[in-house]
Amino acid sequence: MTATMPERTPGRTPERTPERTGPARTDGDVRRGELAAFLRSRRERITPEQVGLPRGLRRRTPGLRREEVAHLSAVGVTWYTWLEQARDIKVSPQVLDAVARALQMDRAERGHLFALAGVTDPVRGSECTGVSPAMRQMLDRLTPFPAAVQNSRFDLLAYNSTYGRLLCDVDALPEEDRNCLWLAFTHAEWRASLVDLDKTLRVMAAKFRASMAGHVAEPPWKALVARLEAASPEFREIWARQEVVRPVSQSKLFRQRDVGLLRLSSTNLYTGPGPGPKMITYTPDDEATREKLEQLQALIRAEG
């Protein structure tokens, strides 16, 4: 049998059957895909040991499992899985903040995460930048007495050179770690400088809880608690006691690594109405401490 060709109309180009294609990718699709890939890459670089989890014997994942990230972030496993699958789901700033902390993102990575999600970063937006040049000059003038400006969440907003070396080298810390509560529970050198560590930790946690009463729904406060609970069993145990205490000025003992024991009295000078940012100053209780502070300042200048 001979096949016959279809008839063609003279001068007319045969019509082509349109190719089947899927729906065009939107900007939202692209962004969610980038977000999913970024989260997977960050998850795979974190080892279980870095976040205090056992490795186990049957681990094929190069880093954390999805359910482990969900647990550390206090979010649902299904929700986090959908996020890594680029599903079109609503992402809140609070949950994204918790995920960023669970995955130990630095400032650049955190900014990238929130940009991909199209969400405003609650921490960046709430950071206090209101330390005036005059206040910074006051801090410097108090040298060699340690002094710092701190908000009610224990974030260090500014400090003079003596305070910067009182408990550890604060300048060497990432900005997101410059929080006295975080350092007291997680930083080895900071903790070693606190002579009465157990009492200090309990008092700091109680002060933080009292301050948090007016900020319980705010993402930065909730994120700090979640970060501490994930990093420190000691914090979880103390936090569960529900203790509160009002801030008071008091004498403190520090063991500075270069000059030894320091006996200092702290004074809180609030910079505005209510229990907001405050300047904390430390004055020597005895002549020996005064001399050691001058020695410390001389060391800082010599290194400088």
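Our structure's up above, just so we're on the same page.
Thresholds applied
Residues numbered from 1 in each chain as written. Predicted model: local features only at pLDDT ≥ 70, side-chain atom pairs only at ≥ 80, totals over all residues. Heavy atoms only, no water. 1 Å grid on protein atoms, 1.4 Å probe; cavity = no way out; pocket = protein on both sides within 12 Å on 5 of 7 lines; lining within 4 Å. Points joined across faces, edges and corners; volume = space filled by probe spheres on them. Helix = DSSP H or I, 4+ residues; strand = E, 2+ residues; numbered from the N terminus. Nonpolar A, V, L, I, M, F, W, Y, C, P; charged D, E, K, R; others polar. Polar contact = N/O pair within 3.5 Å; in protein donor to acceptor, adjacent residues only side chain to side chain. Contact = heavy atoms within 4.5 Å. Expected span 1.5 Å × (residues − 1). Buried < 20%, exposed > 50% of the residue type's maximum accessible area, 1.4 Å probe, protein only. Arc of directions from axis to C-beta.

Gaps left between atoms show up when a probe the size of a water molecule is rolled over them. Here the second largest pocket is characterised by a volume of approximately 710 Å³. As for the second largest pocket, its lining consists of 36 residues, of which Phe-154, Met-204, Lys-207, Gln-250 and Lys-252 are closest to the centre. Looking at the lining of the second largest pocket, the elements that each hand over two or more residues are helix H10 (197-212), strand E3 (251-256), strand E4 (260-270) and strand E5 (278-284). With seven residues, H10 is the single largest residue contributor to the lining of the second largest pocket. The residue inventory of the lining of the second largest pocket, partitioned by class, reads 20 nonpolar, 11 polar and five charged.

All right, on to the side chain of Asp-155 then. Among the structural elements, Asp-155 can be located in the loop between strand E1 (147-150) and strand E2 (156-159). In this structure the side chain of Asp-155 is engaged in a polar contact, spanning 2.6 Å, whose partner is the side chain of Arg-153. Asp-155 has contacts with Val-149, Gln-150, Arg-178 and Asn-179, leaving out every residue within four places of it along the chain.

Relative to the 24 Å expected for 17 residues at 1.5 Å per residue, helix H13 (residues 287-303) spans 25 Å between its end C-alpha atoms, a close match to the ideal helical length. For H13, the set of buried residues is Thr-289, Leu-293, Leu-296, Gln-297 and Ile-300. Buried positions in H13, seen along its axis, are confined to an arc of 95° and lie on one side of it. Turned more than 90 degrees from where H13 packs its buried face, Arg-301 and Ala-302 sit exposed. Where H13 is buried, its residues meet E3, E4 and E5.

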